[in-house]
Amino acid sequence: MSFTTAVSPAARLRGLKPDWLSDPKVWRTEVLAGLVVALALIPEAISFSIIAGVDPTIGLFASFTMAVVISVVGGRRAMISAATGAVALVIAPLNREHGLGHLIAAVILAGVFQVVLGALGVARLMRFIPRSVMVGFVNSLAILVFMAQIPELRDVPWAVYPLVVGGLALMVFFPRVTTVVPAPLVSIVILTAITVGAAIAVPTVGDRGALPSSLPVPGLPDVPFTLDTLTTIAPYAFAMALVGLMESLMTAKLVDDITDTRSDKTRESVGQGVANIVTGFFGGMGGCAVIGQTMINVKVSGARTRLSTFLAGAFLMVLCVVFGPVVSDIPMAALVAVMVMVSFATFDWHSVAPRTLKRMPAGEIAVMVITVACVVATHNLAVGVVVGSVTAMVVFAKRVAHFADVTAVVDPDGTTVVYRVTGELFFASSNDLVGRFDYAGDPERVVIDLSAAHVWDASSVAALDAIETKYAQRGKSVEITGLNDPSARLHGKLTGELTAGH
């Protein structure tokens, strides 16, 4: 006999409610987390706007729309998306050469690319990016962010330098007192109070452009809708799409590990595209997941739901619209200090420690260095990741090729020789395979034992065919044994079909 417990409609309704609607403690945590993240987003959004060469309004609009939209369509709860340094670095040259209209159009096109790539399952390809490339990606991003601050320290009043040093000191030591309020925000507030109170004449945010006084309104980018425009923005848009997806998916994986929960990476990829499309139509510079603010939200504040992400964007716009005049008085030195701190915190110092370098294989170090060098040279993070990944593949192929080996054993009666092949047979290892046999000196019967090997590609099948042909030219027979099922299927399908005349 079985018993069932009746569930009332009210209980069912409560079960469908998000945690923040049914638990006041969760509500409080999410609201406070959203507020803290919004406060932390303001200086970075402005700084990234400056890196991209646009008014602070553009970066702030982007952070607002990205956070609000991704809170609904994203695949990783509590992850923050906003304007980022990675995206700013990619699109800055386009804005410099062609203007804001082309930048906005590129953001929309990047969103379209991300939706398509997400639908095609690009999230599954992330597992093929080696760790050394990931480390190089992070380190090069830190280097570029630091380099972007150097122009802000040239030909400026002397007071800028002590302000920058003071801001860095505050961000280093204030967390030892409390971590309730973000140290960058405290640094900005104190430096602003000093410059305003003492009437110190230094460059301010207001010198870079007016902050928004109202909510953004949708519109089309001010560009000619021609093929020439498309060919101009497409490379930047595709690079932005790749960089945005890589940074977002890496951040999502980090949050998965912290919260011991799984996220929908495909939904996140498509969601990033939708958020960028919406952001572009609202005049924002685009963005992706931001690691720093996500850590504040998840690790420091303890947020776990979409509400904190939504409120981060909503609070951000309220602070700008209501407190815009105050934000305009923020000295640029404070933002330079924030970005220098961000670059130092982003850089993986453990990866370049002498102890680490001594233990790491030379190939892994080379991949990391090449990734960083390509990014710094081109100022394009996507180029570095692609070149680094290709280099890693070459290093891996070279390393694995050395594991293929051939040993020969002749039967006591001298009529048969057995060659035992071990390792992975593919284009890199199979090229040397043909030269490992004694065609002239071997007896009449040759057995090639592949029970400890795996045939991966057509190059390996062609090498085996070439070996058989060389023995056949000398009137000797060859028997290939020990093929596992996948290798046997590939060999049976391609053998005899790869030489000229077929």
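Refer to the structure above for everything that follows.
Every chain's residues receive numbers from 1 upward, in the order its sequence appears when written. Predicted model: local features are reported for residues with pLDDT of at least 70 only, side-chain atom pairs are reported and counted for 80 or more only, and whole-chain, interface and lining totals are derived from all residues. In computing side-chain properties, one takes all heavy atoms of the structure into account and sets aside hydrogens as well as water.

A. Broad picture of helix α13 (residues 306–328). A maximum bend of about 75° is found in α13 at V322, where proline P325 lies one to four positions downstream. Whenever two N or O atoms come within 3.5 Å, that pair is a polar contact, provided that in protein one can donate a hydrogen and the other can accept it, and provided that, for residues adjacent in sequence, both atoms are side-chain atoms. Helix and strand definitions follow DSSP, with helices as H or I runs of at least four residues and strands as E runs of at least two, each counted in order from the N terminus. N-capping of α13 is provided by T305, with a side-chain oxygen placed 3.2 Å from the backbone N of L307. Bend at a given residue is defined as the angle between two axes, one fitted to the seven residues that end at that position and one fitted to the seven that begin there.

B. Spotlight on a nonpolar patch on the surface. What goes into a patch is any residue over 30% in relative accessible area without a salt bridge, connected to like charges within 9 Å or, for nonpolar side chains (Val, Leu, Ile, Met, Phe, Trp, Tyr), within 5 Å. Surface exposure here means Shrake-Rupley accessible area, sampled with a 1.4 Å probe, where a residue is shielded only by the protein chains that are shown. The salt bridge criterion pairs a side-chain nitrogen of Lys or Arg with a carboxyl oxygen of Asp or Glu, the two atoms within 4 Å. Residues F146, M147, I150, F344, W349, V352 and L357 make up a contiguous nonpolar surface patch of roughly 580 Å² in combined accessible area. With respect to the helices, strands and loops of the structure, L357 is situated in helix α15 (residues 354–359).

C. Inspection of the pairing of strand β3 (residues 405–410) at higher detail. Taken together, the six bridges between β3 and strand β4 (residues 416–425) define a ladder with antiparallel strand orientation. Bridge pairing in β4 places T407 opposite R420. Here a strand pair is declared whenever DSSP counts at least two bridges between the two strands.

D. Focus on the sheet that holds β4. Strand order in this open sheet of four strands is β3-β4-β5-β6, and the pairing throughout is mixed. Each edge of the open sheet carries a strand with a single partner, namely β3 and β6 (477–481). Taken pair by pair, the neighbouring strands of this sheet meet at an average axis angle of 20°, ignoring direction. Pairing geometry for strand β5 (residues 445–455) and β6, over five bridges, is parallel. Across the sheet, the residue bridging to V447 is E479, located in β6. Against the sheet, helix α19 (residues 458–472) makes contact with β4, β5 and β6, and its axis sits at roughly 175° relative to β5, the strand it touches most. Here the axes come from fitting lines to C-alpha atoms, over the contacting stretch only for helices, and the angles between their N-to-C directions go from 0 to 180 degrees. Any pair of residues with heavy atoms lying within 4.5 Å of one another is described as a contacting pair.

E. Highlighting the nonpolar core. In this structure, I46, M285, L316 and L335 are the most contacted members of the largest nonpolar core, which totals 89 residues. Those residues in contact with L316 that lie beyond four places of it in its chain are A38, L41, I42, L60, S63, F64 and L311. In this structure, A404, V406, I448 and L494 belong to the second largest nonpolar core, which totals 20 residues. Joining through side-chain atoms within 4.5 Å is the link that ties buried Ala, Val, Leu, Ile, Met, Phe, Trp, Tyr and Cys residues into a set, and such a set is a nonpolar core. Three labels apply to residues, based on accessible area from a 1.4 Å probe with only protein chains included: buried if under 20% of the type maximum, exposed if over 50%, partly exposed otherwise in between.

Bear in mind that shape data such as this cannot, by itself, settle questions of function.
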